[in-house]
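Secondary and tertiary structure notes
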Amino acid sequence: SIGSTLLPPLPGVGAAAERLQQEWRRAAEFSCDRAALLVTQDAAVVSEALIKLASGSTRPVDVEAYLQQAREYDEALEKSSRFVRTMQGRMLADATHPLPIRRVAELDRFARSAQYSQILAKGEAL
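Below or above, wherever it landed, is the structure these notes cover. (Residues numbered from 1 in each chain as written. Predicted model: local features only at pLDDT ≥ 70, side-chain atom pairs only at ≥ 80, totals over all residues. Heavy atoms only, no water.)

**Section: the side chain of Gln88**
Here is the rule: Think of it this way: any DSSP run of H or I at least four residues long counts as a helix, any run of E at least two long counts as a strand, and we number them from the N terminus. In this description, contact between two residues means that some pair of their heavy atoms is separated by no more than 4.5 Å.
Within the secondary structure, Gln88 sits in helix 5 (residues 82–92). Gln88 has contacts with Tyr73, Leu77 and Leu99, leaving out every residue within four places of it along the chain.

**Side note on helix 4 (residues 63–79)**
The condition is simple: By definition here, a helix of n residues has an expected span of 1.5 Å times n minus one. Any pair of N or O atoms that falls within 3.5 Å is considered a polar contact. Within protein, one atom must be able to donate a hydrogen and the other to accept it, and sequence-neighbouring residues count only if both atoms are side-chain atoms.
A rise of 1.5 Å per residue sets the reference length of helix 4, with its 17 residues, at 24 Å; its end C-alpha atoms lie 24 Å apart and thus fit the reference within 8%. Where helix 4 begins, one side-chain oxygen reaches toward the backbone nitrogen of Glu64, 3.2 Å away; that side chain belongs to Asp62.

**Structural notes on the pattern of salt bridges**
Basically, it comes down to this: A pair is scored as a salt bridge if a Lys or Arg side-chain nitrogen falls within 4 Å of a carboxyl oxygen belonging to Asp or Glu. Accessibility here uses a 1.4 Å probe with only protein chains present; expressed as a share of the type maximum, an area under 20% marks a residue as buried, one over 50% as exposed, and anything in between as partly exposed.
Counting across every chain of the model gives 10 salt bridges. With a closest N to O distance of 2.6 Å, Asp74 and Arg102 form a salt bridge. Linking Asp74 in helix 4 with Arg102 in helix 6 (residues 100–111), this pair joins segments that are 28 residues apart in sequence. Judged by its relative accessible area of 16%, Asp74 falls in the buried class. The salt bridge involving Arg109 is made with Glu106; its shortest N-O contact spans 2.5 Å. With Arg109 and Glu106 both in helix 6 and 3 residues apart, the pair spans about one turn of that helix. By relative accessible area, which is 41% here, Arg109 ends up partly exposed. Each of Asp74, Arg102, Glu106 and Arg109 takes part in one network of salt bridges that share partners.

**Brief notes about the packing of helix 4 against helix 6**
Under the convention used in this document: For helices, the axis comes from a line fit to the C-alpha atoms of the stretch in contact; other axes are also lines fit to C-alpha atoms, and the angle between any two N-to-C directions lies between 0 and 180 degrees. Orientation labels follow simple angle bins: below 35 degrees gives roughly parallel, above 145 gives roughly antiparallel, 65 to 115 gives roughly perpendicular, and whatever is left gives oblique. Gly falls in the polar group here, along with every residue not listed as nonpolar (Ala, Val, Leu, Ile, Met, Phe, Trp, Tyr, Cys, Pro) or charged (Asp, Glu, Lys, Arg).
Look at helix 4 against helix 6: their axes get within 9 Å of each other, and the N-to-C directions meet at 105°. In terms of orientation, helix 4 lies roughly perpendicular with respect to helix 6. Between helix 4 and helix 6, the contacting residues are Tyr66, Leu67, Gln69, Ala70, Tyr73 and Asp74 on the first element and Pro100, Ile101, Arg102, Val104, Ala105, Asp108 and Arg109 on the second. When the residues that make up the contact of helix 4 with helix 6 are grouped by side-chain class, the tally is 8 nonpolar, 1 polar and 4 charged.

**Brief notes about the nonpolar core**
Counted only if it meets this: In this text, buried Ala, Val, Leu, Ile, Met, Phe, Trp, Tyr and Cys residues form a nonpolar core when linked through side-chain atoms within 4.5 Å.
Grouped together as the largest cluster of nonpolar side chains are 16 residues, with contacts concentrated most on Leu37, Leu50, Ile51, Tyr66, Val104, Leu107 and Tyr116. Where this core is concerned, the elements lending two or more residues are helix 2 (13–40), helix 3 (43–55), helix 4 and helix 6. By residue number, the principal contributor to this core is helix 6, which donates 5 residues.

**Let's talk about a nonpolar patch on the surface**
To keep it simple, the criterion reads: In this scheme, patches are assembled from residues that exceed 30% relative accessible area and form no salt bridge. Like charges are connected within 9 Å, while nonpolar side chains (Val, Leu, Ile, Met, Phe, Trp, Tyr) are connected within 5 Å. Each accessible area is a Shrake-Rupley estimate made with a 1.4 Å probe; only the visible protein chains count as cover when residues are assessed.
The grouping of Phe83, Val84 and Met87 at the surface amounts to a nonpolar patch, some 290 Å² of accessible area in total. Within the element layout of this structure, Val84 appears in helix 5. The class of Val84 is partly exposed, set by a relative accessible area of 39%.

Here's what the structure looks like:
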């Protein structure tokens with residue numbers, strides 16, 4: 001990886017740079033999802049596409065049921081112990097993509113946000 005290749009002589013720095021790169025890559029996925037929403041202006045369409053990509057299915061999906069699962073996931077995580085949350089964070093630290101359930105939930109939050117409404121209200125072409 002770039003982080004460990006550019007910074008090999010300093011112990012731990014290459015690994016730290018790699019972790020930061022991975023975080024940036026995952027954040028970029030959320031940005032791409034938001035961009036798709038800005039283009040389609042339909043959160044259900046983008047969410048369904050994300051779910052189908054993650055599942056490999058071509059069958060219709062129930063986006064609202066998936067969002068309900070995302071809410072239940074968030075609630076369970078909030079109620080879990082600090083140890084469980086820490087272990088989950090460590091487990092996902094090397095992931096190249098955010099969990100699909102997180103992507104759909106974050107897209108839904110953005111679609112309901114004042115920021116998204118303000119962008120649409122401007123009516124500027126992308």
